[in-house]
Each structure stands twice: as C-alpha cells, then as structure tokens.
Amino acid sequence: MTKITIGARGSKLSLAYVAKVKKLLINSNNELKEDDIDFKPIKTSGDLFNKTKISTIGGKHLFCKEIEESLLAKEIDIAVHSLKDMEANENEKLFIGAYIKRNDFRDAIISRKIKSLSDLKDGVKIGSSSRRRMLQLKKINSKISVINMRGNIDSRVKNIVKNNLDGVMLAAAGVKSLNLNEEIGFTFKSEDILPAVGQGVIAVQCRKDDKIKNLLKKINDIETSLCALAERKMLNTIGGDCETAVGGLAEITNKNLRLRAQLFSDNGEESFNYELTGRDVDAFSIGKSVGEKLLSLAGEKFKKK
C-alpha cells in the first residue's frame, strides 16, 4: 500500500486526534500497518498569531486554512480538524470523508473554585476567546467578567493563576482528550450553555477525487455525520462569520434528530432560540429550516454576513 500522510496542527490536542484517526484507520483496514501512515505537522495562521483576537485576523478557519492548502497541493492525503474550527462552506474540491464518533459536546469550566452554576457569582473572572461563550455566560450572570484569552489548553490552564482568573471556559472534549479531566471544576448542561456547532467532533478531510475516501468511509460514524450535517447547514443558512455568537446541537434518539440552536443579535443584547425535531435522514432540511427560523426571529437585529 502507498504511504498515507496525515496533516494537522502540531498541538498536543491535534496529535491526540491524529493518533485516534490513525488507530481507527488501521483497525478498519487489514492492509494498513502502523508504518503505512505518516504525520506532517502544519503551522496555521491561528497558531502563528496566537496572541491576537481571532476575529481581527480572519476567524477560526485560520486553524484549517494552511492544512487545506497542503491537501489541495497533495502534500498530505488526509487532514484532521476539530469540526468546530471549519467553515460551514467547504472548498468544492475537498470533502469530509469521516466524522469520528462524537466526544463530549459540552462546555466546561477549568477551575479550583467553580464547582456549580451557582458559583458563577458577581465579579467572577473567566477566560475565553469566544464571543458565544461570553454572551452565554452574561445571560447566566451579567456581572461575570470575561477576559479574552487564547492559546492551547495547557497554556490557558497555566494562565488561570498568572492572570488572576477564577477559571477558563473550554470544550470538555479537548480537555478530556488530553486526560486533564481532574482540572474540570464544572461541566455545563447543554440546556444552560448550548455548544458551538460541531463541538466534540473530529473531521477527517480528503480531496473529493481521491480514492482514499473509500478508506475514510469505513471510519465514519453515521449518527455523528447526520448531526454534523444538520448543525453545519444551520450555520451555513444564517451566514454567520467568526464574530457571530451562535450555538447549535443536534442529537438523535430512535432515528429522530432534534436540533436546538441559539443565535445572538449583532449587539449581543438579545438571543433567539429555536428547535426542531424530524427524521434523522432529513438532517439537511432540518438544519436549513432551523437557520431560516433563526433569521426570521432575529429580523433586523442580525445581519446575515
């Protein structure tokens, strides 16, 4: 078999995701051996400008841009991403060949002090670079201070003490993938904090015309792919950008898909919520309907980008 090269960011979290994908590929294909798969770390703009606010340099897609360029240039065969970092509009020459079974989709607070929702009191200081998280926290308690903080999970955890914070807010999936569960003080229920679209999902991308997509098909989790399809279609429909504060979560029970979504107004003062349940095979149309309803509810208070 020809060597397969996986490309991804070089962070500890990306390495954990790559190891997971590599193991799944080997286990699902008898012809593949450990030595058949290479890894190429790729520095992205998001990594290079890690002190700058994401929205000022072009948004979360900057964690994917250079990796996708390497894929298009055939320098790598497979790209591994956190789905929540990917734009809803995918390059027409590329294709997500596998959605890995979803990990924990919830948001968590890394803290020694905050152990419950009631601990989010007036004056509590939380680190986060996400506008969605900031506005959601403010809905819980308007007197919470949210301090802009970027960097990898390790550095954010270290900066809690350095920046005199009460905690930092992160995706539980990333924290757990690095075996840092003991650092979590509190995990939000999705009823209190709706996660980012695609949170907890690893996306494995390839070129549309590459036969390698047949390998990826074997490691694709159908339920996760349907949930991702609904969430990403909702995001695509509202036409948001990196500053859009939006949460979305699809879940499947007995072949029924329930999509919940929350969109904040451009000024952040209001939020609009909507949910829809239908057959899981109608994931695309459910996502589209939810996106259209959110736009209708928001009216002039949200401008489609």
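Cut-off values and rules
Residue positions within a chain follow its written sequence, with the count starting from 1. Reporting in this predicted model follows two pLDDT cut-offs: at least 70 for local features of residues, and 80 or more for side-chain atom pairs to be given and counted; totals over whole chains, interfaces and linings ignore these cut-offs and use all residues. The basis for the side-chain values is all heavy atoms of the structure; hydrogens and waters are excluded. For two strands to count as paired, DSSP must find a minimum of two bridges between them. Each helix is a run of H or I in the DSSP string that is no shorter than four residues. Each strand is a run of E no shorter than two, and both are numbered from the N terminus. Geometry is summarised by axes, namely lines fitted to C-alpha atoms with helices restricted to the contacting stretch, and by angles between N-to-C directions that run from 0 to 180 degrees. Contact between two residues is taken to exist if any of their heavy atoms lie within 4.5 Å; hydrogens are not considered. By salt bridge we mean one thing: a side-chain nitrogen of Lys or Arg within 4 Å of a carboxyl oxygen of Asp or Glu. Exposed residues in this analysis have more than 50% of their type's maximum accessible area, buried residues have under 20%, and partly exposed residues fall in between, with area computed by a 1.4 Å probe over protein chains only. Two cysteine sulfurs form what is called a disulfide whenever their separation falls within 2.5 Å. The directions considered for the arc run from the helix axis to the C-beta atoms.

J.: Now, about the sheet that holds strand β13 (residues 271–279): what can you tell me, with residues and values included?
T.: The strand order across the open sheet formed by three strands is β11-β12-β13, and the pairing between neighbours is antiparallel. Unpaired on one side and paired on the other, β11 (246–253) and β13 mark the two borders of the sheet. Averaged over neighbouring strand pairs, the angle between their axes works out to 10° when direction is ignored. One ladder, built from nine bridges, connects strand β12 (residues 256–264) with β13; its direction is antiparallel. Counterpart to Asn256 in the pairing with β13 is Arg279. The sheet contacts of helix α5 (residues 131–140) involve β11, β12 and β13, and relative to β12 the element is tilted by about 85°. Strands β12 and β13 of the sheet are contacted by helix α10 (residues 283–298), whose axis makes an angle of about 155° with β13.

J.: Describe the pattern of salt bridges, with residues and values.
T.: All told, the structure shown has 21 salt bridges when counted by the stated rule. Residue Glu251 is joined to Arg260 by a salt bridge in which the shortest nitrogen-to-oxygen separation is 3.0 Å. The class for Arg260 is buried, based on a relative accessible area of 8%. Among the charged side chains, a salt-bridge network with shared partners connects Asp77, Arg207 and Asp210.

J.: Help me get a handle on the state of the cysteines, residues and values and all.
T.: All chains considered together, the criterion is met by zero disulfides. Note on Cys206: no disulfide assigned, nearest cysteine sulfur contributed by Cys64 at a separation of 15 Å.

J.: Please provide a residue-by-residue account of the sheet that holds strand β4 (residues 94–99), values included.
T.: With mixed pairing, five strands are arranged side by side in an open sheet as β2-β1-β3-β10-β4. On the outer flanks of this sheet lie β2 (37–41) and β4, each paired with one strand and no other. When strand polarity is set aside, the average angle formed by the axes of neighbouring strands in this sheet is 30°. Two strands pair when backbone bridges link them, and β4 and strand β10 (residues 202–207) are joined in this way by five bridges, in the antiparallel orientation. Within β10, the position partnered with Ala98 by the bridge is Val204. Contacting β1 (4–8), β3 (78–82), β4 and β10, helix α4 (residues 65–72) crosses the sheet at an angle of about 165° to β3.

J.: Please give an account of the pairing of strand β8 (residues 167–171) that cites residues and values.
T.: Summarising burial for β8: five of the five residues are buried, a large majority. Pairing of strand β5 (residues 107–110) with β8, which is carried by four bridges, proceeds in the antiparallel orientation. Across the sheet, residue Ile110 finds its bridge partner in β8, namely Val168.

J.: Just give me the short version of helix α6 (residues 153–162), but keep the residues and values in it.
T.: Every buried residue belonging to α6 is among Ile153, Arg156, Val157, Asn159 and Ile160, and all of these are buried. End-on, the buried residues of α6 take up no more than an arc of 160°, which puts them together on one face. Facing away from the buried side of α6, by more than 90 degrees, are the exposed residues Lys158, Val161 and Lys162. Of the surrounding elements, those touching the buried residues of α6 are α1 (12–28), β5, β8 and α7 (172–177).

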